[in-house]
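Fold and contact review
Take a look at the letters that make up each chain.
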Amino acid sequence: MKGLTTKKELSPEQREELLRTLHVGFEKNMNRHEGLEWTKVKARLEANPEKLWSLSEMERTGGEPDLVGHDKKTGEYIFFDCSPESPKGRRSLCYDREALDSRKENKPKNSAVDMAAAMGIELLTEEQYRELQKLGDFDTKTSSWLKAPADVRKLGGAIFGDLRFGRVFVYHNGAESYYAARAFRGSLRV
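A brief report on the enclosed structure follows. Just so we're clear, the structure is a prediction, and the values are computed from it rather than from any experiment.

It is worth spelling out the nonpolar core at this point. Grouped burial of nonpolar side chains is what soluble globular proteins tend to show. Counting residues in each nonpolar core, the largest one holds 35 residues, and the members touching the most others are V41, L45, L52, L55, F79, W145 and F184. Listed by contribution, the elements that provide at least two residues to this core are α1 (12-28), α2 (38-46), α3 (49-60), β2 (77-81), α4 (97-102), α5 (112-119) and β5 (157-164). Counting 10 residues, the second largest nonpolar core, distinct from the first, contains L124, F138, L146 and I159.

Okay, structure coming up:
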């Protein structure tokens, strides 16, 4: 049908506003991406409108996405949610669809895995979360679901991380649990 599109794209105004926001964050937090040039990052973002849309979803839900790395093999830039606490627009979610479907009552509105997929991003792995924590202090009052290892998930569990007492802790929980102070952090490769 003419006029209908399944692509997730931003209007020119939204695109420019997001690029301005990302540029301000880039300049403000140079310690996260030393040696990388904004002009090259911006060009890559402009060439990938669906990835730009995903970054806008990260921003819209409170993730404050920022550039944290560059994969020299693929040329991709790596963005993580860098909000000080877990993103407010993604809290009170259980881990995945299976966990959501298993709840008979008091179901959360969504799951972290489903929401991340809809946004076009991936949950941070435990390794990525530990790398993020080297860039600052994140989740000192909240926690974030992390990508659960297959063996943990198979047994009904999931993992989450936080920063307490100056240390990164990774814990386990039933995948069907959800808390007002737990969201998820995502990553995006552009």
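What follows continues from the structure just given.
Taken in spatial order, the four strands of this open sheet run β6-β5-β4-β7, and their pairing is mixed. If you trace the sheet from one side to the other, it starts and ends with β6 (167-174) and β7 (182-184), each paired once. Each adjacent strand pair in this sheet contributes to an overall mean axis angle of 35 degrees, direction not counted. Pairing of strand β4 (residues 143-146) with β7 involves three bridges; the strand directions are parallel. Across the sheet, the residue bridging to S144 is A183, located in β7. The strands touched by helix α6 (residues 126-133) within the sheet are β4, β5 and β6, with β5 carrying the most contacts at an inclination of about 10 degrees.

The rules behind the values
- Residues numbered from 1 in each chain as written.
- Predicted model: local features only at pLDDT ≥ 70, side-chain atom pairs only at ≥ 80, totals over all residues.
- Heavy atoms only, no water.
- Core = buried A, V, L, I, M, F, W, Y, C linked by side-chain atoms within 4.5 Å.
- Buried < 20%, exposed > 50% of the residue type's maximum accessible area, 1.4 Å probe, protein only.
- Helix = DSSP H or I, 4+ residues; strand = E, 2+ residues; numbered from the N terminus.
- Pairing = 2+ DSSP bridges.
- Axes fitted to C-alpha atoms, helices over the stretch in contact; angles between N-to-C directions.
- Contact = heavy atoms within 4.5 Å.

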